[in-house]
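Listed below, chain by chain, are the residues.
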Amino acid sequence: DLGEELACRSCMISAIVASGWAGEIGHRGVVPWLGRVPNDMKHFRAITRGGTLVMGRVTADSIKLPLAGRTAIIVTSRVNETLERHGGYSLVVDSFNAALALVPDDKTFIVGGASIYRQALQTGVIDVLYRTVIHGNFKADAFFSFDRTAFELASTRTFPPDEKNEFGCTFEVLKKIV
């Protein structure tokens, strides 16, 4: 419903995503580099702390909710099943627009998965994109892609692999071109 979508347009909505070189974000419901790039998890925690996270059910099932200092809004067609698992500490809705109607005025993050990212990009609600490129190619069944011409690069930082991080990564901040 357009009214629900417009209700949130005074909000600042960001997306945060980590992907491999080819846009890989998941394989069988798990991040392909899980546990091998702690720099990325530290970055995710720092950026999203105190925020509201909008995610799909598979993403919710893959992370250990609740995340300290963050509110989760889970979008799913399996509302009752998801309420049983995550309802005690998360809001559960049946559509992306219903999630948008619940977001606060600030510090809202779209955190995946592929379908939720796609809907957010198609509706044009992402103002800032925090993108981590993991330096590697990974087996995947879920991917992230976006129109790079719709965003301008505001900052970038690259970290090589080290004793704690099996893969290097690049943190990018991209802002929507208005």
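Relevant structure appears above.
Only a predicted model underlies this, so the values are computations on that prediction, with no experimental measurement involved.

Calculation notes
- Residue positions within a chain follow its written sequence, with the count starting from 1.
- Residues qualify for local features only when their pLDDT is at least 70, as the model is predicted, and side-chain atom pairs are given and counted only at 80 or more; totals for whole chains, interfaces and linings, by contrast, use all residues.
- With hydrogens and water stripped out, all remaining heavy atoms of the structure feed into the side-chain values.
- Numbered from the N terminus, helices here are DSSP runs of H or I no shorter than four residues, and strands are runs of E no shorter than two.
- Remark: exposure states derive from per-residue accessible area (1.4 Å probe, protein chains only) relative to the maximum for the residue type, with buried under 20%, exposed over 50%, and partly exposed in between.
- Ring geometry is summarised as follows: Phe, Tyr and Trp rings, the Trp one being its six-membered ring, pair when their centres sit within 6.5 Å, and such pairs are stacked at plane angles under 30 degrees, edge-to-face over 60 and tilted between the two.
- In this text, buried Ala, Val, Leu, Ile, Met, Phe, Trp, Tyr and Cys residues form a nonpolar core when linked through side-chain atoms within 4.5 Å.
- Any Lys or Arg side-chain nitrogen found within 4 Å of a carboxyl oxygen on Asp or Glu counts as a salt bridge.

A look at the environment of glycine 35
Right, so step 1: Structurally, glycine 35 can be placed in the loop between β2 (24-26) and α2 (38-48).
Right, so step 2: Accessibility expressed as a relative area gives 71% for glycine 35, which makes it exposed.
Right, so step 3: The spatial distance from the C-alpha of glycine 35 to the C-alpha of serine 95 is 31 Å, given a sequence separation of 60 residues.

Topic: the packing of aromatic side chains
Right, so step 1: As enumerated under the stated definition, the model contains seven aromatic pairs in all.
Right, so step 2: Ring centres of phenylalanine 144 and phenylalanine 146 lie 5.5 Å apart, and the angle between their planes is 35°; this geometry places the pair in the tilted category.
Right, so step 3: Judged by its relative accessible area of 6%, phenylalanine 144 falls in the buried class.
Right, so step 4: What makes phenylalanine 146 buried here is its relative accessible area of 19%.
Right, so step 5: In textbook terms, an aromatic cluster arises when at least three aromatic residues are bridged by ring pairs, as seen for Tyr117, Phe144, Phe146 and Phe151.

Description of the nonpolar core
Looking at soluble globular proteins, one finds that nonpolar side chains tend to be buried together.
Right, so step 1: Of all hydrophobic cores here, the largest spans 27 residues; its most connected members are Ile13, Ile25, Val54, Phe96, Ile110, Leu129 and Phe144.
Right, so step 2: Leu53, Ala72, Tyr130 and Val173 belong to the second-largest nonpolar core, a separate cluster that totals 15 residues.

Regarding the pattern of salt bridges
Right, so step 1: By the definition in use, this model includes eight salt bridges.
Right, so step 2: The partner of arginine 36 in a salt bridge is glutamate 166, and the shortest N-O contact between them spans 3.4 Å. Here arginine 36 is found in the loop between β2 and α2, whereas its partner glutamate 166 is found in the loop between β9 (151-159) and β10 (169-176), with 130 residues between them in sequence.
Right, so step 3: The class for arginine 36 is partly exposed, based on a relative accessible area of 29%.

Some details on unusual backbone geometry
Right, so step 1: Cis peptide bonds are those with omega within 30 degrees of zero, and the linkage from leucine 65 to proline 66 qualifies with -5°.
Right, so step 2: Between glycine 112 and glycine 113 the backbone carries a cis peptide bond, its omega angle lying at 0°.
Right, so step 3: When you line up the elements, glycine 113 lands in the loop between β6 (108-112) and α6 (114-123).
Right, so step 4: Of note, the phi angle at arginine 28 is positive, near 55°, even though the residue is not glycine.
Right, so step 5: With respect to the helices and strands, the residue arginine 28 is situated in the loop between β2 and α2.
Right, so step 6: Among the residues examined, arginine 28 registers a relative accessible area of 70% and is labelled exposed.
Right, so step 7: We note that lysine 107 has phi near 55°; this positive angle belongs to a residue other than glycine.

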